[in-house]
Amino acid sequence: MRQIVQRLNSFRNLSLLIPAALIGMMVLAFGLQLPRQGFTFSDDWHFIFYSLIDGPRGLPELFHYDGHPQSTWGYILGFRLLGYEPLRWHLLSLFWKTASVLMFWGVLHLVWPAKRQQTFAVALIFALHPYFTLQAFAITYFEVWYSFFLLWLSIFLTIKAVQQPERFWLWTGLAIFAKIGHVFTSEYNWFLEVFRP
């Protein structure tokens, strides 16, 4: 790991190289297996079932029973755009996971710009460590990743508001807008708001 980071430090434009390295690691770790994965044996199927009952409009009933109706919009939009092809859902899940990792690294980089090795290592751990073991459920848990993305985006914009007081209201307004989007995703990640202070 140290050798990788030392080689990265030798390049001039680390602001592009570190995200590229994170994307490459995510593709190697998760992307190569995607064409062989289908829908899982468990939760993905009841999302498919409810979306087939009355088209994507059957999903509000499921989310009402499941206790988080604010998540419905992402699934309705997902089924309308992606249909029922497993690879599309896995690619969407990988996209949002990668976007959340990059945004997390962006937050760390804003706070500790001189700590390149540490911020890269922490973002890499977030990218590759099995935060939860049900990540293979592409339909069920893709919302976790876009929820993370919106949370980290909101925190990123909050930091920008503090660092650039001349644009405080612009960054703060965008941060609030991202936070509202975060609230209307998965309530599983709401507690992570404690990171903002």
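Before reading on, note that the structure itself is shown above.
Residues numbered from 1 in each chain as written. Predicted model: local features only at pLDDT ≥ 70, side-chain atom pairs only at ≥ 80, totals over all residues. Heavy atoms only, no water.

Enquirer: Would you take a moment to explain the side chain of Ser-93 for this structure?
Expert: Within the fold, Ser-93 resides in helix 6 (residues 86-111). Of the residues examined, Ser-93 reaches a relative accessible area of 8% and is grouped as buried. Residue contacts for Ser-93: discarding those within four places in its chain leaves Ala-138, Phe-142 and Trp-145. (Helix = DSSP H or I, 4+ residues; strand = E, 2+ residues; numbered from the N terminus. Buried < 20%, exposed > 50% of the residue type's maximum accessible area, 1.4 Å probe, protein only. Contact = heavy atoms within 4.5 Å.)

Enquirer: Just checking my understanding: could you explain the nonpolar core for this structure?
Expert: The nonpolar side chains of a soluble globular protein tend to be buried, and buried together. Leu-22, Phe-47, Leu-59, Trp-89, Ile-139 and Trp-152 are the most contacted members of the largest nonpolar core, which totals 46 residues. Of all elements in the fold, only helix 2 (14-29), helix 3 (43-53), helix 4 (59-66), helix 5 (72-82), helix 6, helix 7 (116-128) and helix 8 (138-163) reach the threshold of two or more residues within this core. At 14 residues, helix 8 tops the list of elements feeding residues into this core. Sequence-distant contacts of Leu-59, defined by excluding residues within four places in its chain, comprise Phe-47, Tyr-50, Ser-51, Thr-72, Tyr-75, Ile-76 and Phe-79. (Core = buried A, V, L, I, M, F, W, Y, C linked by side-chain atoms within 4.5 Å.)

Enquirer: What should I look at first to understand the environment of Trp-89 in this one?
Expert: Its location among the elements puts Trp-89 in helix 6. Considered as a pair, Trp-89 and Phe-79 are 10 residues apart in the sequence and their alpha carbons are 9.1 Å apart. Non-local contacts of Trp-89, meaning those with residues more than four positions away in its chain, are made with Phe-39, Tyr-75, Gly-78, Phe-79, Leu-82, Gly-83, Ala-138, Ile-139 and Phe-142.

Enquirer: Please explain the packing of helix 6 against helix 7 as it appears in this structure.
Expert: Angle between the axes and distance between the axes: these two values describe a pair of packed helices. Interhelical geometry of helix 6 versus helix 7 gives an angle of 155° and a closest axis separation of 9 Å. Viewed along their axes, helix 6 and helix 7 adopt a mutual orientation that is roughly antiparallel. The handedness of the crossing between helix 6 and helix 7 is right-handed. For the pair helix 6 and helix 7, the contacting residues are Lys-97, Ser-100, Val-101, Phe-104, Trp-105, Leu-108 and His-109 in the first and Thr-119, Phe-120, Val-122, Ala-123, Phe-126 and Ala-127 in the second. For the contact of helix 6 with helix 7, the per-class residue count stands at 9 nonpolar, 3 polar and 1 charged. (Axes fitted to C-alpha atoms, helices over the stretch in contact; angles between N-to-C directions. Parallel < 35°, antiparallel > 145°, perpendicular 65-115°, else oblique. Left-handed = near helix turned anticlockwise from the far one by under 90°. Nonpolar A, V, L, I, M, F, W, Y, C, P; charged D, E, K, R; others polar.)

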